[in-house]
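Okay, here's what each chain looks like letter by letter:
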Amino acid sequence: MLTQFGATAESLSKASTMMFRIGTDAHLYDDPDDVSIAPLLDSKFESEKCEALKRLLALIAQGFDISNYFPQVVKNVATQSLEVKKLVYLYLLHYAEKRPNEALLSINYFQKDLGDPNPLVRAWALRTMAGIRLHAIASLVLVAVGKCARDPSVYVRKCAAIALPKLHDLRLEEHTAAIEEIFVEDMTMPHELITTEYMKSMIAYRLDYNLAFDNLHIFWRIYLSSSESQHIVGMLLKDNSPGVVGAAASAFASICPNNFSLIGRNYKRLCEILPDVEEWGQIVLIGILLRYAIAKHGLVRESLMLSFEDLEIQSQEKDDPESSHLTCTSPLLWSYNSAVVLAAAGVHWIMAPKEDIRKIVKPLIFLLRSSGSSKYVVLCNIQVFAKAMPSLFSPYYEDFFISSSDSYRTKTLKLEILSTIATKTSISSIFLEFQDHVRDPDRRFAADTVAAIGLCAQKLPDVSNTCLEALLYLALSESSNNAVALMGEEEILLVQVVKSIMAIIKQDPHSHERVIVHLVRSLDSMSAPAARAMVIWMLGEYCNIGVLTSKMIPTIFKYLAHRFHSESVETKLQIVNACVKVLLRAKVEDISELRLAISYVLELAKYDLNYDVRDRARVLKNFLSHCKGFNYLEEADYRTEFNDLTYVFAEYIFGGTKKVPSESFSYRFYLPGSLSQIVLHAAPGYEPLPEPCSFADDETGHSPTNVHNDHESNEIDDSDDISGSLDEENTSDYSSESVSGEGGDSYIASDSGEDEEAGTLIHLSDDAPDSGDHDRVSVKNTSSGLMDAGELMSKRALESWLNENSDSGQNSSNLSQVQRSLARISIKDIGQLVKPKSYTLLDPTNGNGLSVIYRFSSEVSKVSKELACIHVSFSNHSEEPMCNIFLAEEKPNPSPDSSEKSGSPSESVLVSHDKEATLIPMEEIDRLNPGQPADRVLQVRFEHHLLPLKLVLSCDGRKQQVKLRPDIGYFIKPLPMDIESFLKKESQLPGMFENIRRCTFSEHLNQQNDKDEPPQKDIFLMICEKLALKMLSNANLHLVSVDMPVAANLDDLSGISLRLSGEILNNSVPCLVTLTLKGTCAEPLEVSVKINCEETVFGLNLLNRIVNFLAEPPR
Amino acid sequence: MLQCIFLLSDSGEVLLEKQLTGHRVDRAICDWFWDQILTQGESLKLVPVIASPTHYLFQVVREGITFLACTQVEMPPLMAIEFLCRVADVLSNYLDGLNEDVIKDNFVIVYELLDEMIDNGFPLTTEPNILREMIAPPNIVSKVLSVVTGSTSNVSNTLPGATASCVPWRKTDLKHATNEVYVDLVEEMDATINSFVLPGFSVFLSLFLHYSGQLCSGSPVCIDGHPKQLANVFYLYSLSCSDLSPLLILLLLRDGNLVKCEIYGEVEVNSNLSGLPDLTLSFANPLIFNDVRFHPCVRLRPWEANQILSFVPPDGQFTLMSYRVKKLKSTPIYVKPQFTSDSGTCRVSVLVGIRNDPGKSIDNIAVQFKLPPCVKSSDLSSNYGSVNVLADKTCSWTIGRMPKDKAPSMSGTLVLESGMDRLHVFPTFKVGFRIMGVALSGLKIDKLDLKNPLSRPHKGFRALTKGGEFEVRS
């Protein structure tokens, strides 16, 4: 101690801290290895051993690997001192897996300790023994657990219950290893899927097919031990002590969550004991009881879920079981533990009749006061509840008022909830509240508030006038502020205000003429380009809705013509657009007045610095020359021109009467209180609620056929529900087409099986009542597409005009040119240059001369929109021809129950729960001569797994494992959209949906140096092209636009931005990518990549991928 | 279930790691996490659930220490957060507060505690009373002993009896020389007060209120604001609402309207009773509770039936229940901020005073606000207490006890960024205070009965009200 003191206490202050820290373990943490530890461990004094172990612990804490002390530490397990024992255990648990052989030395001592009279010693020994994860002693541990499960001490029994999952986990590892030896089994399969049923089927399968028997004993052992541990769980669930029951529940949840018969036996007692179980056990037990109650009895007739799901099932006996379950959870709404409250609220939400759900509201709201961290999670859940049933929370709007200490995300969540639950009566108070936030120093939040005001106004038309007045005032005062204020941050608010006003006006433009006039008048003081652009858009769109506007128009255009040169690109484009719109709609007598201003504007635009503006002006001018009144022809001529196709197109594009496709909001959500619900994707191990009434006990009177029918209809129901909600027209059309066309082909079967898998989530959508058609089975089988075929057709046609280089004639391609110029860069060029990267699946040295190369293609699969296409090229480098080359998925063998039904593929698929990436097999290559190449297309459903997909390549009867690495860039497909809808979409995905990363891009440098670029080629263009090419060759995206600053210096690239869009394959969630450049031509560019995507995790992964490939050197 | 817990210092250093299951989590996840914090700013610290590429992370930040837990599979996120909060509570209770040094100094105890609190990712023993019996908290005696003798054990040799009993929160055979039980009502007042209504914006809203049928037309419409701005309002108003009849315009009382005012309270009990006492606590006015939440020891049936708290208390200090009383009518003090802008500078004055005398003295008064980002420099002074402006533009005015003779006020000028003419964003003032001896919710304890008394215990009741989220919007 003294040496320690002298060595470290160099200054007085240090000395004083030493004095203060005397007697603690500070010196051990600071300099754990200042003395040699090994002799201390061998010391005969407990205190020295203790010190040595503490030093080791300090090293562990600091992240050093000290497993080399293992043999010496293990020896000390025999100690009598509990403290030393504890420290040894801590060490053992940390390193036992690394040093299995030495760890075996300790087993005898554990065995001895298990017989110790002190329960604490027994418990510790059991905990450590189960925790050290040695396959060799798994069976010993099982015996020990079984013994401890009958221990007189509650604490030991509890530890036994907790030890079971450890054992289970170890066993999973063991048998996945074992299975891998024999079958081709995918390691990525979640452990939870490997249940006893699964094991049984495996064993049955092996017996059936007389495969090698030598490993069978492993299966029996695993099966037996698994059934043994389930037996122990059952026993512990019956325990008298609530503490043990809680731990047993957690064991149940991780070992055999679907073994409902085990719960069935104890259901009533578990319900009774639930309030006495300790809090952590309660959380798990509530979930188990809920699953059981649903599987056994189905939902209560009046419950909320039913009204959304439109399920046919009703509970026959709604007298006792559910209600007893519910009454036992309702006192838990008063629990101190927020997780318990939320779990209990979830049960009420799913099970309770509608009138009883109100009970959960107050406790949930009270949770908001508990702690900052849980607040966010609770709010996320409330948001889901409120969206499904706003009336629940609407009386409590005051509780969602924002406090300045909330974090930004909490604030935005509260705003969202407030705008969801606002009603006619509460709106005035909510507005008063909003008005305070508009002046919040955090301008981002203030802008969000304005957006919320806009939402409320759209929702409640009664107040839209008031909102509009208020917003208008804000816009006027803000724009005057802006004139002098700092730019940047302040702009956000003004832009949002104008955006909200625009959204409100859209609903009923005719009654808001005055507002438009006001906005237009304030154009002069408005400096934010985005806001100006929107005002001009409104001007063009609503130029003829009233007397006032049409009177103003000539003057305004004079003003715009005057200011044109100083506008930003975005505004210029809108001005040019507005010109066309105005001309299309103006009365003939006004035209002469307008003509001058407009042709002046177009002339200016034609010689603009920005080529986008130039291009657009040219196209539109060409357009207008055919239009009424604009040309200098006589009226008679104009009549003949009237029917000109160009005019029709112009009218089509700029005519304001287009029906804006109403966005159907669909919320797909997960069980309340689950992790998946917070992160918005299914976390591994997430299990949706079981099918109602899917579990029939022997005692109940459910006839099996009945159950089966229910089952089936549900599944079809759900599958359609999901696909329908994701993409109303397209998918339903697809499935109906393919079903009728190909007659239940195996592709389709696997597809609908997949849908079914996704469909068992809790799913609600805003338009649930009409989309939840109970006759969906029949609708699906007949041609359901016909219903909305008309709408669909028109939409298709428009899309093809706008986005595809269709072959439908000269005119349409003309039009697509217009669209191209809107997109500001020629995509055609780029499209040809795009070269997706190729990867090697198998190189000739490993594959006996067969080389396989694959690359991801941007094609969209014809079978299902969730499949990614992969081009696989085979080539034979050997001397001899090869036969029967085939690539297939490593498949776990079908379970017996599905093989029974193999006669009808569609049925068997319904019951298979295959979660893995599925593969649509390619055509087999019969023969491949030496030197001959062959190409095939593979279609793979990756889900979102980023793990390599294991495939089996068979060639000449030989099988070989190969790994296909998924590329997240191809989990998406291009989503064609124009810049406006891009910006709109982008603004809908703020905050947590937005992620930014920076990287450097240097590819253009080499290019510049080594190639002699023609000097006239615009360097900007070249760099944009490079960047776009890089993006498009690595990710399946649609290039929306390339923006450049107008007043850019020659080699300053800052401000150039590329926008790309795509949608995620399996759920059609849009994913927006924006690249912004910074730097000069001569240096590596700094690219900031921004992703807006509702699937945050997917977005992040994609972002990382983009940043990686952008930064990587050119090939 | 949780796989790993990390404790991070406020500079991102990993203080210690505790692996909980066989699925190890590499420390690299902490680097990833800290990178995210550095790139996305401090706001990420307030996000409790983060999905990293490999793990889901839960975090709770307490006094600069980040408690980070990882999992790869689905689990209730609140369970993880609540558990981390519990760990933080227990540690700060054991170590008398949390900071980097104290955790390093006592890392062995932290390890031992974590090992007892969670097993295989599932919470094992979280009841503080039992933990205290299993692992001795560091105290001065053990420190001295450890210096003298070299080392002492802080691990108990026996299993606490409570783990076996049906009241797992209580020691089985307690003996106290003095039997006493104290009940404290600790209340926090959450209030949001609008002291100033934005002109213009509210004109239309109040017009709307009036014309949506609440008042007949022709009655006065209230507008508040500065003359200059009022003129602006009139101009606009005449533009927009020309179809309405002329209105009388009155100035709204500046006094501020109460947006919301509620009490969040806790019943704290300190029990030092021998044996296995059974207590009942009843309130004189239980109907004022809006929401309640109970310690696990409270029996829920009697509460459901008669609003009576019946419980076997743990030993020592614990929170028996927490409650909320909503819709209070007034606050004990007022804070009136006022901003007057004129050509690039802004005059601030803040007045604090007693509105409704609670009958007891108000102390620990402090007013805090953040200067808007557009303020370049400030010069603030007060006639009572001290004013401090920190580097991050937080201005705090500590008043302390409310003086009898004068009303405290703070005034000064703010210089705005060049180009700004007037202030258009306004800060929110956070107000703290304390009133001893009063429960502002009006909650009254009726009586506390002891069912199986060994000897007549000494009973005591106290009350205290503090400022909670007490905010005044300027």
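Calculation criteria
Residues numbered from 1 in each chain as written. Chains lettered and ligands numbered in written order. Predicted model: local features only at pLDDT ≥ 70, side-chain atom pairs only at ≥ 80, totals over all residues. Heavy atoms only, no water. UniProt positions renumbered as here; feature names shortened; annotations may be inferred. Helix = DSSP H or I, 4+ residues; strand = E, 2+ residues; numbered from the N terminus. Buried < 20%, exposed > 50% of the residue type's maximum accessible area, 1.4 Å probe, protein only. Contact = heavy atoms within 4.5 Å. Areas by Shrake-Rupley, 256 points an atom, 1.4 Å probe, with all protein chains shown as cover. Pairing = 2+ DSSP bridges. Axes fitted to C-alpha atoms, helices over the stretch in contact; angles between N-to-C directions. Salt bridge = Lys/Arg side-chain N within 4 Å of Asp/Glu carboxyl O. Phe/Tyr/Trp six-rings, centres within 6.5 Å; stacked < 30°, edge-to-face > 60°. Lys NZ or Arg CZ within 6 Å of the ring centre and 35° of its normal. Buried area = accessible area lost by both parts, 1.4 Å probe. Polar contact = N/O pair within 3.5 Å; in protein donor to acceptor, adjacent residues only side chain to side chain. Nonpolar A, V, L, I, M, F, W, Y, C, P; charged D, E, K, R; others polar.

- The name given to chain B in an unreviewed UniProt entry is MHD domain-containing protein, with Salvia splendens as the source organism.
- A UniProt comment under Subcellular location (unreviewed entry) is attached to chain B, and it reads "Endomembrane system".
- Quoted verbatim from the Sequence similarities (unreviewed entry) field of UniProt, the annotation for chain B is "Belongs to the adaptor complexes medium subunit family."

1. Quick look at the overall build of chain B
Reasoning step 1: A count of helical and extended segments in chain B gives nine helices and 25 strands.
Reasoning step 2: Within chain B, buried positions represent 55% of all 474 residues.
Reasoning step 3: When contacts within chain B are restricted to residue pairs at least 6 apart in sequence, long-range pairs at least 24 apart make up 72% of them.
Reasoning step 4: If you sum the accessible surface of chain B, you get close to 19500 Å²; carbon and sulfur atoms cover 53% of it.

2. Some points on the sheet that holds strand β6 (residues 882–889) of chain A
Residue and element names in this part refer to chain A.
Reasoning step 1: Taken in spatial order, the four strands make up an open sheet running β8-β6-β10-β11, and their pairing is antiparallel. Strands at the two margins of the open sheet, each flanked by one partner only, are β8 (925–928) and β11 (958–964). Geometrically, the sheet is characterised by an average inter-axis angle of 30° between neighbouring strands, direction not taken into account.
Reasoning step 2: Here three bridges tie β6 to β8, and the two strands are oriented antiparallel to one another.

3. Section: the pattern of salt bridges
Note that side chains of opposite charge can pair when their charged atoms are close.
Reasoning step 1: This model, assessed by the stated rule, comprises 40 salt bridges over all chains.
Reasoning step 2: Of the charged contacts in the structure, one is a salt bridge between Arg532(A) and Glu567(A), with a shortest N-O distance of 2.7 Å. With Arg532(A) in helix α31 (residues 529–541) and Glu567(A) in the loop between α32 (547–563) and α33 (569–585), this pair connects stretches of sequence that are 35 residues apart. One exposure class covers both Arg532(A) and Glu567(A), and it is buried.
Reasoning step 3: For Glu13(B), the salt bridge goes to Lys104(B), with nearest N and O atoms at 3.6 Å. With Glu13(B) in the loop between β1 (4–8) and β2 (14–19) and Lys104(B) in helix α3 (residues 100–105), this residue pair connects regions lying 91 residues apart in the sequence.
Reasoning step 4: Judged by relative accessible area, Glu13(B) falls into the partly exposed class, the value being 33%.
Reasoning step 5: Salt bridges sharing partners connect three or more residues here, namely Lys86(A), Arg127(A), Lys166(A), Lys18(B), Asp115(B), Glu116(B) and Asp119(B).

4. Side note on the environment of Ile427(A)
Residue and element names in this part refer to chain A.
Reasoning step 1: Turning to its location among the elements, Ile-427 is positioned in helix α26 (residues 427–438).
Reasoning step 2: Here Ile-427 falls in the buried class, since its relative accessible area comes to 0%.
Reasoning step 3: Sequence separation between Ile-427 and Val-463 is 36 residues; the distance between their C-alpha atoms is 8.2 Å.
Reasoning step 4: Not counting residues within four places of it along the chain, the set of residues in contact with Ile-427 comprises Ala-422, Cys-456, Leu-460 and Val-463.

5. Observations concerning the packing of aromatic side chains
Reasoning step 1: Throughout the structure, instances matching the rule amount to 23 aromatic pairs over all chains.
Reasoning step 2: Aromatic side chains Phe339(B) and Phe429(B) sit 6.3 Å apart centroid to centroid with 45° between the ring planes, which places their arrangement in the tilted category. Linking Phe339(B) in strand β16 (residues 333–342) with Phe429(B) in strand β23 (residues 428–436), this pair joins segments that are 90 residues apart in sequence. Across this residue pair, the class does not change: Phe339(B) and Phe429(B) are buried.
Reasoning step 3: Both rings, one in Phe369(B) and one in Phe429(B), keep their centres 4.4 Å apart while their planes meet at 35°; by these two values the pair is tilted. Within this pair, whereas Phe369(B) is found in strand β18 (residues 362–370), its partner Phe429(B) is found in strand β23, the two being separated by 60 residues in sequence. There is no split in this pair, since Phe369(B) and Phe429(B) are both buried.
Reasoning step 4: Taken together, the ring pairs connect Trp334(A), Phe283(B), Phe289(B), Phe294(B), Trp303(B) and Tyr323(B) into an aromatic cluster.
Reasoning step 5: Directly above the aromatic system of Phe445(A) lies the positively charged group of Lys411(A), at a separation of 4.8 Å from the ring centroid.

6. Observations concerning the sheet that holds strand β14 (residues 308–311) of chain B
All names here are of chain B.
Reasoning step 1: Taken in spatial order, the three strands of this open sheet run β14-β12-β24, and their pairing is antiparallel. A single partner strand is all that each edge strand has here, and the edge strands are β14 and β24 (445–450). Across the sheet, the axes of successive neighbouring strands diverge by a mean angle of 15°, strand direction being ignored.

7. A word on the interface of chain A and chain B
Reasoning step 1: Contacts between the two partners involve 127 residues from chain A, matched on the other side by 122 residues from chain B.
Reasoning step 2: Across the chain A/chain B interface, buried area totals approximately 10900 Å², and carbon plus sulfur atoms make up 60% of it.
Reasoning step 3: At the boundary of chain A and chain B, one finds 13 salt bridges.
Reasoning step 4: For the salt bridge of Glu433(A) with Arg473(B), the shortest nitrogen-to-oxygen distance reads 2.8 Å.
Reasoning step 5: Across the chain A-chain B interface, the total number found is 30 residue pairs in polar contact (both at pLDDT 80 or more).
Reasoning step 6: Top contributing element to the side of chain A that touches chain B by residue count: helix α28 (residues 464–484) of chain A, with ten residues.
Reasoning step 7: Considering only residue class, the side of chain A that touches chain B consists of 61 nonpolar, 36 polar and 30 charged.

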